[in-house]
Structure formats: structure tokens, C-alpha cells
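Residues per chain, in single letters:
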Amino acid sequence: MIPKVDRAPSRRRFLKFAGLGTLGLTVSELSFARVRAGELLVYVGTYTTGKSEGIYLYRLNLASGELKHVATTKGVTNPSFLTPAPNRRYLYAVNEVEDFAGRKSGAVSAFAIDQRTGNLRLLNQQASLGANPCYVDVDASGRFVLIANYTGGNVTVFSLQSDGSLGEATDMKQFQGSSINRDRQEAPHAHCIVLDPTNEFVYSCDLGSDKIMIFRFDARSGKLLAGTPPWVQVKPGAGPRHLAFHSSGKFVFVLNELHSTVTAFERNPEKGSLKELQTLTTLPKDFTGTNTGADIHVSPNGRFLFCSNRGHDSIAIFKIDPRNGALTSIGHKSSRGMTPRNFVIDPMGEFLLVANQKSDNIVVFRLDQKTGRLNATGQVAQVPAPVCLKFTQPFR
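On a predicted model such as this, the values are computed, not experimentally measured, just so you know. (Residues numbered from 1 in each chain as written. Predicted model: local features only at pLDDT ≥ 70, side-chain atom pairs only at ≥ 80, totals over all residues. Heavy atoms only, no water.)

S.K.: Break down the pattern of salt bridges for me, with residues and values.
M.R.: By the definition in use, this model includes ten salt bridges. Linking Asp 171 and Lys 173 is a salt bridge whose minimum nitrogen-to-oxygen distance equals 3.8 Å. A relative accessible area of 12% places Asp 171 in the buried class. Classification of Lys 173 by relative accessible area gives partly exposed; the value is 27%. (Salt bridge = Lys/Arg side-chain N within 4 Å of Asp/Glu carboxyl O. Buried < 20%, exposed > 50% of the residue type's maximum accessible area, 1.4 Å probe, protein only.)

Below, the structure written as C-alpha cells:
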């Protein structure tokens, strides 16, 4: 159960906070899909500098946790982060490169999704206006795509055409600054850009300056307007990477890559501002090796937070106090692979899938919704350099 809050979100907002809005599903629709097909589709983004051929599509059996390969979209360079459109007719992928079409920039690719098979067909590409794009989000109306360019140190917004293809850029914000880690924080590094579930605010973690940038989003023009305040600072050297919203909308959790910590913030839903509550390590007390944090997600029921550790190669598990957003560590689970860069939780909160980049596999765990514990199913899919996982319901 999600406790009542002072400004309880509407049913539509609640479903988006709970993770269903990104799939374009209501609870009843998702349940029907499960009864009908007993499965979900999983798109897998990869790095193609090795054996990978592009974007992979799998079916997840919701009874056994088995993953079966369906199709591969070949010829896509470094599709390291993916996002389906809210209507599930299109999918957008960054192309994490430094040079594209003769300019110092990465790219973003638009694909049409076959409504029968889930296969992808390239529509077009655009330069992302910054090198090494690493994150892509789509606004709730399906009219704009937002990109974070890591090396470029900026974020960009592109319009979308009626056929799902990419239009012209509507905005670009260049970040400034650096921090104390001379090897990793010599310049701004935008590591994510995330619309809040109300489609009113945008947050971007700048690993280079140790800031979470805050914008109001103009959904009519595709403009990013400076928030009040325009950013919030984390501890010097922390290196904020990714963030996740609590299902109540009152809290935001930020994973700090360089310090291997997670910071809990209280969020003002009217202003979008963030107030730091606490910061905890994502590592066991006795760990002495090298580690960087990678990904972060809240369970759909809002009771647990999960973070991935690269080096310790684990998923850190925290209990969330729904009254005040406080986190309590309840343990770690081996990712059963090397370098868990990305993971995803299914919308019903029963499975957690981990993409282990350097061991070329996706490992399936069952999630105990009462305790937050993860139990290996024994199901493993071999995929070259998997670094992004996205669910959608089956097509006809």
C-alpha cells in the first residue's frame, strides 16, 4: 500500500509514479496482458564495439522468468540507452559516439515498432549536439525527446514528428563547472535527464560538477526553463549519475557513481526543488576494493530501493520509510556477473533483471515484495555487452 500524502497524485499520476505510465498501461491492462500472454517484452541496449550487433529483443516468461530471444535490430552503433514512446509505437536510442556526420557529436535514433512482432525499423537519426549521449527520455505527450550528452556536458530537446521521427532541436542547455576528482570531474558530464511523472519538471545529474540540475519543462515549446532553485549540490567528488522517483512523488533518490553512495531527497511537488535528507553507502562495510555505482530503481510498491555496484558486482537493497523517505540498508545480492551497469524491475514488481556488461549476460531474479530480497531464478540470457533494459507489454 502507498500511504496517503498531503498532495496525493491523481490515478494517472500514480500509475506513472509506479512505473506503469512508461509502458502506456493501466493495472488492469497489464493484468490482462499477463493472463493473455503470460509474458513481457524486453528491449536490450548494448555497446557494439565487440560482439554485439545492435538492439536485442527478448520475451520474459512471467511464470518461470525465462528469457527467449525474439529478434535483433542490426547496424545500430552503441545503442547504450533506450526509451519507448508512451504509445509504444516508437523507440528512441542514443548512439554513444564522439563523432557523427562530420561533427563533434553523438546521435539519437528513432525507430518504428512493429505492432505485431515488436521488431524495430529505423526512421531517422539526428546529431545529439554533444559527444557521447548516454540517456534518453520521452515526454508524456510523445512530442519531445530529451537527451543527456555525457562528454558534451549538456542536455538537448528534440521535437518529434507525427510519424515518430526526430525533428529539429528545440532547446540545448550547456552545463558549466568541475569538481575535485581531476580524472572524472574535469568538466561537466550530464549523465541522465529525467522528466518527473507529472511532465512538469526535468532533472539532470551532472557527474562533473556534483549537481542535480532542475528545470521546468514547457510541454508546448519543448523548452527547459531554469528551476527555483536551478540546481542542488551533493558532496564534492560524489559524482551523481542516475535518479529515481518514489511512487508518492515526495522523494527522489540519487545514485552517486564515484562515491558509491545514494542520497535521499525530499521533493517539493510544486517547485520541483530538492532537500537532502541522508546519504548512505551502497557497499558492505567490509568491502575494500574499487567500485562505481551505476543504476537505481524503486520497487513499484514504493517499499524498496535498489542500486547496482560495479566492482562489488551486486545489487544493494534498501527499505524506504514512506513517511519521511529515510533509507535503511537491508543487504546486498550478487549480480551473478561482472559490471551490472543497468537493471530493471517489471511493472508488477515480481522480477528484477540485471544487465551484466562485462560478463555478457542478463540474470533474472525474483523479487520478494514483502522483504525486498532477491532470489535467483537460474534463468540467464547470454547477450553481448548489455547496458540497458526496457520493458513493454506484448504486441498482438
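S.K.: So what's going on with empty space enclosed by the protein? Which residues, and what values?
M.R.: With the rule as written, the count across this model stands at three cavities of 30 Å³ or more. Taken as a whole, the second largest cavity spans an internal volume of roughly 60 Å³. Those elements that provide at least two residues to the lining of the second largest cavity are β16 (240-245) and β24 (340-345). Taken together, the residues of the lining of the second largest cavity sort by class into three nonpolar, four polar and two charged. (1 Å grid on protein atoms, 1.4 Å probe; cavity = no way out; pocket = protein on both sides within 12 Å on 5 of 7 lines; lining within 4 Å. Points joined across faces, edges and corners; volume = space filled by probe spheres on them. Helix = DSSP H or I, 4+ residues; strand = E, 2+ residues; numbered from the N terminus. Nonpolar A, V, L, I, M, F, W, Y, C, P; charged D, E, K, R; others polar.)

S.K.: Quick rundown of the environment of Ala 244? Include the residues and the values.
M.R.: Mapped onto the elements of the fold, Ala 244 is located in strand β16. Counting along the chain gives 90 residues from Ala 244 to Asn 154, while the straight-line C-alpha distance between them is 20 Å. What Ala 244 contacts, discounting residues up to four positions off in sequence, is Phe 251, Val 252, Phe 253, Ile 296, His 297 and Val 298. (Contact = heavy atoms within 4.5 Å.)

S.K.: How would you sum up the pairing of strand β18 (residues 261-267)? Please name residues and give values.
M.R.: Counting buried positions along β18 yields six of seven residues, so the element is predominantly enclosed. A loop of four residues connects strand β17 (residues 251-256) with β18, the two strands running antiparallel in sequence, and Ser 260 in this loop sits at a positive phi of about 55 degrees. Hairpin connection, β18 to strand β19 (residues 274-281): the antiparallel pair is bridged by six residues, and Gly 272 has positive phi, about 80 degrees. (Pairing = 2+ DSSP bridges.)

S.K.: How would you sum up the sheet that holds strand β7 (residues 120-127)? Please name residues and give values.
M.R.: Spatial ordering of the open sheet is given by β4-β5-β6-β7, a layout of four strands whose pairing is antiparallel. Of all the strands in the sheet, the pair left with one neighbour each is β4 (82-84) and β7. Direction aside, the axes of adjacent strands within the sheet are offset by 20 degrees on average. As defined by bridge partners, β4 adjoins strand β5 (residues 90-95) across three bridges and the pair is classed as antiparallel. Its bridge partner being in β5, Leu 82 is matched across the sheet by Ala 93. (Axes fitted to C-alpha atoms, helices over the stretch in contact; angles between N-to-C directions.)

S.K.: I'd like to hear about the environment of Pro 340, residue by residue, with values.
M.R.: Within the fold, Pro 340 resides in strand β24. Residue class for Pro 340 comes out buried when judged on its relative accessible area of 0%. C-alpha separation for the pair Pro 340 and Asp 313, spaced 27 residues apart in sequence, amounts to 6.2 Å. Look past the residues within four positions of Pro 340 in its chain and what remains in contact with it is Ala 294, Ser 308, Asn 309, Arg 310, Asp 313, Ser 314, Ser 335, Val 354, Ala 355 and Asn 356.

S.K.: Break down the nonpolar core for me, with residues and values.
M.R.: The biggest cluster of nonpolar side chains holds 59 residues, and the ones touching the most others in it are Tyr 43, Ile 55, Leu 91, Tyr 92, Ile 212, Leu 224 and Leu 243. Core analysis: the second largest hydrophobic core is formed by 18 residues, Val 44, Phe 351, Ile 362 and Leu 389 among them. (Core = buried A, V, L, I, M, F, W, Y, C linked by side-chain atoms within 4.5 Å.)

S.K.: Summarise the packing of aromatic side chains; cite the residues concerned and give the values.
M.R.: Counting across every chain of the model gives four aromatic pairs. With a centroid separation of 4.1 Å and an interplanar angle of 25 degrees, the aromatic rings of Phe 81 and Tyr 135 are classed as stacked. Taken together, the positions of Phe 81 in the loop between β3 (67-74) and β4 and Tyr 135 in strand β8 (residues 133-138) put the pair 54 residues apart, joining distant regions of the chain. By relative accessible area, which is 6% here, Phe 81 ends up buried. Its guanidinium or amino end placed over the ring of Trp 231, Lys 211 lies 4.0 Å from that ring's centre, counting from NZ or CZ. (Phe/Tyr/Trp six-rings, centres within 6.5 Å; stacked < 30°, edge-to-face > 60°. Lys NZ or Arg CZ within 6 Å of the ring centre and 35° of its normal.)

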